[in-house]
Amino acid sequence: MKAVGRALALAALLPCLAMAASPAMASPARTPAKAPAGAPAAAHARAQVALALTKVTPKTLTAKSKIEISGAARNRSGRALAGLTLRLRYSAQPVTSRSQLDQLASGQQTALPNVAPQQQSLAQATRPGVTQGWSFRTTAQQLGLRAPVGTPGVYPMRVEVLNSAQQVVGGLTTFLTMMPKQRSFKPVAVGWVLPLIDRMHRANDRTFIDDELTKELAPGGRLHRIVEAAATTGTPVTWAIDPALLDDVRQMASGDYYVKPAGAVKSVRKEKSKVAATWLASLKNASKGDPYFVLPYADPDVTALVRRKTTGDIGVAFDARNTAFVAQILGRQPDAHVAWPASGVGGPGTLEQLAKYALKDGGSFLMSSSQFENPVTGAQPNATTALQTHLGVKKALLYDQTVTQILNEGARSASRALMSEQRFLAETAMVAAEAPSVQRTIVVAPDRLWDPADGLAKNLLTYTKAASWMREMPLRSIEAAQPQSRVFHGYSDNYEKYELGDVHLDQTRAIAKRAATFKAVMTGPVKISYERAVLRLESVGWRTSPGRAKRARKELEDELGDDMDRVRVVPPKNKRVLMGGSSGKLPVLVENTLHDQSVRVRLVVTSENTAKLKLGGLEPNDAVIELGPGERAQRWIPAQAAGNGNFGVRLDLQIPGAGGRTYGDGETITVTTTGYGRLALLITGGGLAVLFVGVGVRAIRARRRRKAEAAGDGSTGMGSPGTGAPGAGLPGAGFPGPGIPSAEYSGTPGTGLPGTGRPPGVPAWPAAPGTASGTAPAGADAAEPAGDAAGPAGARSEDPAAVPGPADGPAAGRGEHGRRDGG
C-alpha cells in the first residue's frame, strides 16, 4: 500500500515537473544574473531532468534539527539518460545579504562549495518520461551548518542531477532558515495587502460575458482561497477591493442572471448563485476588524487614460455611486485611504489624478519599491517614504518588489508554492539580519490577480504571525512611521507597451459617446446605464487579455446599439409615402419599446430637395415627444410639392436642448407626389360611381323585361296600340286571366271596372309572374303617376331607351298597353 501511495503522489506531481529546473525562483522582472566563469551551460538552458519539491522540514532550523528535503525527478529529454545520480550541494556559511540571496536563487553553483556525502541513483528516471521520487535526510550537525550569532541565518540548498559524465542536467535551489539561541535583533514589521480584484465578467450591466466568476468563488477557486486564508489565520491584513468585483458577485447572489458568451446568439439564464452568496458572507466575516480601501470602479488603467488626456472617467470611477455598495455589503465604511496604481508604478500625471480622488481626505500611495532608490544616507530601506505632488506632499507605502515576485512564482504549482514559502522565510529573515538594531518594515502586496497555489496564502499568513523574526502589523501602523527620503525614478517609457492600446481606447471612447447620447434622451429615473460598462472596458485587467477585450467590446457595442434602436422613427412600409396633389401632410410615427425607461426626443423632418418639396415645421410642443415605456406617438408634417416626382425626406430624432445633436441613425423615406389633389380624386370617383349605378339600373331593367316577355303564352307580350281594347290573345281589362277565379276581381263601387281602383279608361298594371293582377310589380316606381304606365321591372317611361318613336309601333319594353292619349 505504501508503494501505491507513493506512486499516486508522484503522479500528482507531473504538472509540477513541467517547470525549468535551473533558476527555480528567478524573478520575472529582474535581469537574470550572468553565469559565473566555468558554470555549466546547462544551468541556464532547459534542463533535461525536471525536479519538483514536495517537502522541506523543518521551517526553522536549530543546531540539532533533523532535515528532510524530498521531491521528484522526471526525464523530459525524450531519450534515455544513462547513469543519472542526485546530489545535494550547499554552503555551511549563511548568506550575508539579500542581493546574494537573489544571486543564489538565480542558479549560481560555484557559491555552493559543499557537497553532502550521500548521493542517490535515479535508475528509473533514466528512461524518457519516467518520474522517480527522491529524498535527502540529514541533520544540521552532519552538514556542519554553523549557527549564526544573535541574528537569523539563511543557508542555500541545491539539489542537482548529474549524468554519467558528471554534467549537471537538472537542479533546483531552496533555502533553510536557522534561528540562534540568543537573539539580538528587532523583528521585521510586516503589513499585508490582500487584493480582491478580478477580470471583468460583464459587458453591460445586465449580461455576463462568461460564468468564470462562479469557479473563482467556489471552494478551491482563486478568490475563495484568498478569503479563506485570511479567515483561518487571524493575521491582520488590509483589503484592496475593486467595487466591480463585488458588484458582479452581488448581481449573481441577488437573483437569476444571464450569461451570453462572446459570439453567442442568445443568453443563458442562470439561477441565483448560492456560491456567490456564501462567498460574500465569508468575506464579511473574514474582513471583520480589518481595514480596507476601495479602488476606483473596475480598476481603470489610469496611466493610459492620463496619457490620452481622457481623465473624466477617472472621476466617474471614484464616484460614490459606484463605490458605496462596498460599504453596504461589508456593513461599514472604508477605514483606509490608499491609491494603488497598476503594477505599483506611475508618472506624475497618474499620481496627480489618484491623489485628487483617492487621497483628498488623506492617505498614502501604494507603490513598488522598484520605483525608488534606496536612502542616500546608506540606511537600510523601509516601507514608508513621501512624494511631492501638486496637491502637496503625500506619503507612499512601498511594497517589497522582490517578495511580490516570490509570491507570484508560487501561483504556478505545488512545488513552486513550497519554494515560495522557503524563499519568503529566507527574505524576511535576511531583512532582520541586515540591520538587527533597526526597526525594519515591509509591505507585502501580491499581484492584483494573485492566484496562489492551494495552501500557499494560508501558510504565508501563518508564518508571518508565527515566525520569530516577523511581527504582523496593520498597514496603518506602517503608514504612521516617519518617512524616509528616497529618490523617485518616475515612469519609464518602457512601461507604455504594457498599457491599454490606442485602438482599444479609441473604440471604447466611441462607445462612451454613444452611451452618453442614449442617456441624454432618458427622463425620470435612469434605469439603463452604460457608465459602469465603459469603466469595465477601461480596466487594467484587459492589459494581458487583448483578444478577450476585443470580444467584450464588440458585445457591449452590439448591446448598446440594440437598446438605442428601441427608440426610433418607424418608417412606412417600403419606406414610401404617396401624396396626391400639390399639398398634403406626411404621417411620421415615433416609438419607444424600452421596457422600463421613459425618453424625450425632438422630431426633425428635412426635405432633400427643398425646391421641389417644401416641408412645414411642427409646433414646439409637437416637435418634442415624450414617450413612456412601450408608447408610440404620431405627427403630421405639412408638405407642399412644386411638381410630380419622387423626393427624399430625412426623419431624424434629436436630443432636446442639446444644440441639434442627433440621436440614432434616423430614416430616409421617399415621397411620391402626383398632380391630382384629394378633391379632384373625390369628384372623379363620384362621377365614376354615378356612371356605374346608371349602367347597373339599365341592366336590371333589361333583365326584368326579358323575364316579362318570357312569362307570356307565345304572343309578343305587348297590348294593342289602340285606346284600350284588348290586344290579340290577351283578355281585356276587367276580365280574369286564364285559371284565375273571377271572384278575385270583385268590382269597386263607382269605378265601372271590375277589380281595379282606377277611373274608367285607365288600364291596370299587367300581372307580373307570381303577382295578383292589378298590382304594381316589384321594383315599380311608387311615385310614378298612374297615367304613365311603366314597363316591367320598374323601367320608367321617361327613359328614352324604354320608349320607342312613333314609327316603332308598339312601345318595346312597355306594359300591357302603350301610353294612352290624355292619360
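Residues numbered from 1 in each chain as written. Predicted model: local features only at pLDDT ≥ 70, side-chain atom pairs only at ≥ 80, totals over all residues. Heavy atoms only, no water.

A.B. asks: Would you mind going over the overall build of the protein with me for this structure?
C.D. replies: Across its full length, the protein holds 20 helices and 31 strands. The burial tally for the protein puts 48% of its 823 residues in the buried class. Partitioning the intrachain contacts of the protein with sequence separation of at least 6 by distance along the chain shows that 77% fall at a separation of at least 24. Counting only carbon and sulfur atoms, one obtains 53% of the accessible surface of the protein, whose full area is about 38600 Å². (Helix = DSSP H or I, 4+ residues; strand = E, 2+ residues; numbered from the N terminus. Buried < 20%, exposed > 50% of the residue type's maximum accessible area, 1.4 Å probe, protein only. Contact = heavy atoms within 4.5 Å. Areas by Shrake-Rupley, 256 points an atom, 1.4 Å probe, with all protein chains shown as cover.)

A.B. asks: What am I meant to see in the sheet that holds strand 7 (residues 131-139) here?
C.D. replies: Pairing between the strands of a sheet is mediated by backbone hydrogen bonds and can be parallel or antiparallel. Pairing is antiparallel across the open sheet formed by three strands, whose spatial order is 1-3-7. Edge positions in the sheet fall to strand 1 (49-57) and strand 7, since each has one partner strand and no second. Geometrically, the sheet is characterised by an average inter-axis angle of 20° between neighbouring strands, direction not taken into account. Pairing geometry for strand 3 (residues 66-75) and strand 7, over nine bridges, is antiparallel. Its bridge partner lying in strand 7, Ala-72 is registered against Gly-133. (Pairing = 2+ DSSP bridges. Axes fitted to C-alpha atoms, helices over the stretch in contact; angles between N-to-C directions.)

A.B. asks: I tried to follow the packing of helix 5 (residues 222-233) against helix 7 (residues 274-286) on my own but got confused; where do I start?
C.D. replies: Their axes nearest at 9 Å, the elements helix 5 and helix 7 cross at an angle of 30°. Crossing hand, helix 5 versus helix 7: left-handed. Contacts from Leu-223, His-224, Val-227 and Ala-231 in helix 5 reach Trp-279, Ser-282, Leu-283 and Ala-286 in helix 7. The residue inventory of the contact of helix 5 with helix 7, partitioned by class, reads six nonpolar, two polar and no charged. (Left-handed = near helix turned anticlockwise from the far one by under 90°. Nonpolar A, V, L, I, M, F, W, Y, C, P; charged D, E, K, R; others polar.)

A.B. asks: Where do I start with the confidence of the model for the protein in this structure?
C.D. replies: As a general rule, the predicted coordinates of low-pLDDT regions are not to be interpreted in detail. Considering every residue of the protein, the mean pLDDT works out to 82; 79% of them sit at 70 or more. Here residues 1-44 scores under 50 on pLDDT; set against residues more than four positions off or in separate chains, the count is 81 contacts. (pLDDT = per-residue confidence, 0-100.)

A.B. asks: Can you help me understand a positive patch on the surface in this one?
C.D. replies: A cluster of like positive charges, contributed by Arg-703, Arg-705, Arg-706 and Lys-707, occupies part of the molecular surface. Relative to the helices and strands, Arg-706 resides in helix 20 (residues 678-710). (Patch = residues over 30% accessible without salt bridge, like charges linked within 9 Å, V, L, I, M, F, W, Y side chains within 5 Å. Salt bridge = Lys/Arg side-chain N within 4 Å of Asp/Glu carboxyl O. Lys, Arg positive; Asp, Glu negative; His and termini not counted. Charge placed at Lys NZ, Arg CZ, Asp CG, Glu CD.)

A.B. asks: Any chance you could explain the nonpolar core here in plain terms?
C.D. replies: Across soluble globular proteins, nonpolar side chains show a tendency to be buried alongside one another. Core analysis: the biggest nonpolar cluster contains 135 residues, and Trp-192, Leu-196, Trp-239, Leu-246, Trp-279, Phe-365 and Phe-518 have the highest contact counts within it. Sort the elements by how many residues they give to this core and helix 13 (residues 414-434) lands first, with eight residues. Beyond its immediate sequence surroundings of up to four residues, Leu-246 is in contact with Ile-241, Trp-279, Leu-280, Leu-283, Phe-325, Val-326 and Ile-329. With 32 residues, the next largest nonpolar core counts Ala-116, Ala-125, Trp-134 and Met-419 among its residues. (Core = buried A, V, L, I, M, F, W, Y, C linked by side-chain atoms within 4.5 Å.)

A.B. asks: What exactly am I supposed to notice about the sheet that holds strand 11 (residues 207-208) here?
C.D. replies: The sheet built from three strands is open, its strands ordered 11-13-14 with mixed pairing. Of all the strands in the sheet, the pair left with one neighbour each is strand 11 and strand 14 (268-270). Pairing of strand 13 (residues 257-259) with strand 14 involves three bridges; the strand directions are antiparallel. Looking at strand 14, one finds that Tyr-258 is bridged to Arg-269.

A.B. asks: Could you clarify how one ought to interpret a nonpolar patch on the surface in this entry?
C.D. replies: Together, Leu-688, Leu-691, Phe-692 and Val-695 make up an exposed nonpolar region whose accessible area comes to about 410 Å². Position of Leu-691 among the secondary structure elements: in helix 20.

A.B. asks: Which parts of the structure should I look at to understand unusual backbone geometry?
C.D. replies: Outside of glycine, negative phi angles account for most residues, and trans bonds account for most peptide bonds. A cis amide bond links Thr-57 to the next residue, Pro-58, at an omega of -5°. Mapped onto the elements, Pro-58 comes out in the loop between strand 1 and strand 2 (60-61). Phi at Asp-299 is positive, roughly 50°, even though this residue is not glycine. Here Asp-299 shows up in the loop between strand 15 (292-294) and helix 8 (302-307). Accessibility expressed as a relative area gives 4% for Asp-299, which makes it buried. Within the chain, Lys-575 stands out as a residue other than glycine whose phi angle is a positive 55°. By the secondary structure assignment, Lys-575 is in the loop between strand 23 (567-570) and strand 24 (576-579). Residue Lys-575 is classed as partly exposed on the basis of its relative accessible area, which comes to 37%.

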